[in-house]
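# Analysis of the macromolecular model
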Amino acid sequence: MSLSKLAQFGVQHVAKGIGRLSTEVLESGSGSYVTSTSGRRLLDFTSGIGVTNLGHCHPGVTKAAQAQVGKLVHGQVNIAFQKPYLDLIDSLLPLMPHKSLDTFFFWNSGSEAVEAAVKLARHATKKQNVIVMQGSYHGRTFGTMAMTRSKTVYGENYAPLMPGVFSVPFPYCKQCSISTHSDGKYSFENCCMDPILQLELLLKRETAPSDTAAIFIETVLGEGGYVPPPPGYLAKVREICDKNNILLVIDEVQSGFGRSGKMFAIEHYDVRPDILVMAKGIANGFPLSGIVSRKELMDLQKPGSMGGTYAGNAVSCAAAIAVAKAFEEEKILANVQARGDELRSALEAVRDDPKTAKVVYDVRGLGLMLALECAPGKGYAAKIQQKCLERDMLVLTTSIYDTLRFIPPLNITEGDMKEGIRILREAVDEVVAEDV
């Protein structure tokens with residue numbers, strides 16, 4: 001098939017339900033860049049939606065995967081142990097945000113891992129209901145569709161969905177009516193904590209603690225707009241869980257593996273999860289996800305109740321081991337801090353410049369998980385995104401609010417970050433100039 005017809009072929013034969021940023025056909029990737037069949041070299045500030053955290057085709061990860069392909073590709077988890085699976089656990093144990101997280105189950109995708117957490121929570125507590133946050137994203141499989149509350153598109157016209165799911169507000173202070181009408185009394189730094197009150201009311205009105213297995217929270221809202229919680233919020237949720245015998249499930253599918261500047265974003269808040277969900281950056285592009293909990297909970301499940309044909313694939317596990325090794329050897333978290341400070345300063349400069357300030361409603365995030373929420377009503381985010389694409393840079397929008405999210409590789413060089421900032425600023429300036 002000729003290269004010129006590839007995109008046309010894709011439009012004709014790939015499921016329409018898949019949305020995409022562009023119709024470019026990607027052919028190769030290296031570091032912070034991807035190259036299309038048309039010859040375009042694009043600076044990737046999406047990292048495959050937070051997956052290739054170490055950049056495309058990281059040498060160490062590539063080498064580990066290539067070596068494993070020549071040894072064992074598929075060591076089915078219900079047949080026997082396989083060495084990469086066990087070695088990966090050994091690599092991850094020192095990285096866990098709490099020492100109680102010592103027993104693992106690996107699957108393929110983030111959605112599957114979330115559903116594994118639901119299974120564990122319901123089975124361990126003998127309770128059915130789960131609570132999720134408004135604005136949350138947990139997946140698009142049938143169970144996780146019911147838990148995803150970031151946009152209606154993910155569950156529209158697929159009902160009836162999984163029952164027993166209740167939602168409460170996440171502390172999104174910039175969109176909180178109490179905060180925005182408090183004349184400065186309440187803010188992100190001094191949250192009104194109304195979401196805690198709403199959670200307590202939910203447990204009195206709609207789902208009794210005796211019926212509630214778990215509360216699921218993304219440490220930083222992902223599809224909901226890259227919203228970190230205010231100080232003290234997660235600690236209060238932990239107290240409510242402890243008081244009511246409810247498990248706290250922390251979804252770090254997007255915020256985990258260094259994205260926030262710490263290995264797991266929950267470390268910023270010093271809160272203990274009962275179950276931690278992980279995926280995306282764990283294997284830098286190889287399909288792998290997992291949950292980790294304490295042994296006393298995991299051991300309650302009967303042999304055979306968990307598994308999966310490709311769960312914990314040997315090649316993916318080998319890649320994940322190389323990822324963990326790279327974090328230590330290449331000082332990835334230090335680079336996240338340095339490059340994150342540079343990108344955040346650039347976003348704040350857009351906010352603070354009188355020429356471009358009208359575009360910006362909020363700048364927020366942690367590490368290299370940053371967002372620029374635009375002033376509503378003008379579609380600024382999509383316009384800036386398109387201008388960036390015209391300048392050969394990939395960025396994503398997110399949220400029901402007009403928001404750009406920035407997810408560059410965690411090992412992005414200072415030079416590539418400068419180039420990304422230059423493109424972004426040019427894009428914003430052009431959008432402002434056209435906004436007459």
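Let us look at the structure shown here. The structure displayed is predicted, hence computed values, not measured ones. (Residues numbered from 1 in each chain as written. Predicted model: local features only at pLDDT ≥ 70, side-chain atom pairs only at ≥ 80, totals over all residues. Heavy atoms only, no water.)

F106, F216, I217, M278, I291 and I384 are the most contacted members of the largest nonpolar core, which totals 123 residues. Discounting chain neighbours no more than four positions away, the residues touching I217 are M133, F170, Y233, L234, V237, L248, V249, I250 and D251. (Core = buried A, V, L, I, M, F, W, Y, C linked by side-chain atoms within 4.5 Å. Buried < 20%, exposed > 50% of the residue type's maximum accessible area, 1.4 Å probe, protein only. Contact = heavy atoms within 4.5 Å.)

Put simply, A159 and P160 share a cis peptide bond, and its omega is 0°. Note that P160 resides in the loop between α6 (142-147) and β6 (165-169). Phi is positive for K126, close to 60°, though the residue is something other than glycine. On the basis of relative accessibility, which here comes to 63%, the residue K126 falls in the exposed class. Phi at Y226 takes a positive value of approximately 55°, unusual for a residue other than glycine. Tracing the chain through its elements places Y226 in the loop between β7 (212-218) and α9 (233-244). The class of Y226 is buried, set by a relative accessible area of 0%. (Helix = DSSP H or I, 4+ residues; strand = E, 2+ residues; numbered from the N terminus.)

It is worth spelling out the pairing of strand β5 (residues 129-134) at this point. β5 sits mainly inside the fold: five of its six residues count as buried. Where β5 and β7 come together, three bridges link them in parallel fashion. Residue pairing for β7: I131 is matched across the bridge by I215. Here β5 runs beside β6; their pairing, made up of five bridges, is parallel. From the neighbouring strand, I131 faces β6, where its bridge partner is F166. As for the winding sense of the linkage, the β-α-β connection from β5 through α6 to β6 is right-handed. (Pairing = 2+ DSSP bridges. Right-handed = clockwise from strand over helix to strand, strands pointing away.)

In a regular helix each residue adds 1.5 Å, so 16 residues correspond to 22 Å; helix α5 (residues 110-125) covers 23 Å between its end C-alpha atoms and thus fits that length. For α5, the set of buried residues is G110, S111, A113, V114, A116, A117, V118, L120, A121 and T125. Once α5 finishes, K126 follows within two positions and takes phi at roughly 60°, a positive value. (Expected span 1.5 Å × (residues − 1).)

Further remarks concern the packing of aromatic side chains. As enumerated under the stated definition, the model contains seven aromatic pairs in all. Taken together, a centroid distance of 5.9 Å and an interplanar angle of 35° make the contact between F104 and F106 tilted. For F104, a relative accessible area of 9% corresponds to the buried category. You can call F106 buried: its relative accessible area is 0%. Judged by centre distance (5.1 Å) and plane angle (70°), the ring pair of Y137 and Y154 falls under edge-to-face. With a gap of 17 residues between them, Y137 in the loop between β5 and α6 and Y154 in the loop between α6 and β6 connect regions that are remote in the sequence. (Phe/Tyr/Trp six-rings, centres within 6.5 Å; stacked < 30°, edge-to-face > 60°.)

On to the sheet that holds strand β11 (residues 360-366). Here four strands make up an open sheet; going across it, the order is β11-β12-β15-β14 and the pairing antiparallel. Both edges of this open sheet fall to β11 and β14 (396-398), since each of them pairs with a single strand only. Adjacent strand axes in the sheet meet at a mean angle of 25° when their direction is disregarded. The sheet contact formed by strand β12 (residues 369-374) and strand β15 (residues 403-406) spans four bridges and is antiparallel. (Axes fitted to C-alpha atoms, helices over the stretch in contact; angles between N-to-C directions.)

What the rule picks out here adds up to zero disulfides. Here C57 stays free of any disulfide, with the sulfur of C317 as its closest cysteine sulfur at 20 Å. Of all cysteine sulfurs in the structure, the one in C191 sits closest to C241, which takes part in no disulfide; the separation is 17 Å. Given a relative accessible area of 1%, C241 falls into the buried group. (Disulfide = S-S within 2.5 Å.)

Attention shifts here to the side chain of S150. Its location among the elements puts S150 in the loop between α6 and β6. S150 gets classed as buried once you look at its relative accessible area, which sits at 6%.

Residues spaced three or four apart along an α-helix face the same direction, because each turn holds 3.6 residues. Turning to helix α13 (residues 380-390), its buried residues are Y380, A381, I384, Q385, K387, C388 and L389. Against β3 (41-44), β12, β13 (393-394), β14, β15 and α14 (414-434) lie the buried residues of α13. In the stretch just after α13, D392 is the one whose phi turns positive, near 65°.

The next subject is the sheet that holds β5. The strand order β4-β10-β9-β8-β7-β5-β6 describes an open sheet built from seven strands, whose pairing is mixed. Taken across any chain shown, the strands that pair with only one partner, and hence form the sheet edges, are β4 (103-107) and β6. The sheet shows a mean angle of 20° between the axes of neighbouring strands, taken without regard to direction. Pairing geometry for strand β8 (residues 247-251) and strand β9 (residues 275-278), over three bridges, is parallel.

All right, on to the pattern of salt bridges then. Under the definition given, this model contains 28 salt bridges. Of the charged contacts in the structure, one is a salt bridge between D435 and K358, with a shortest N-O distance of 3.0 Å. One end of the pair, D435, is in the segment after α14; the other, K358, is in the loop between α12 (332-352) and β11, and 77 residues separate them in sequence. The residue R364 makes a salt bridge to D362 at a minimum N-O spacing of 2.8 Å. Sharing partners across several salt bridges, the network here consists of K387, R391, E419, R422, E426, E430 and E434. (Salt bridge = Lys/Arg side-chain N within 4 Å of Asp/Glu carboxyl O.)

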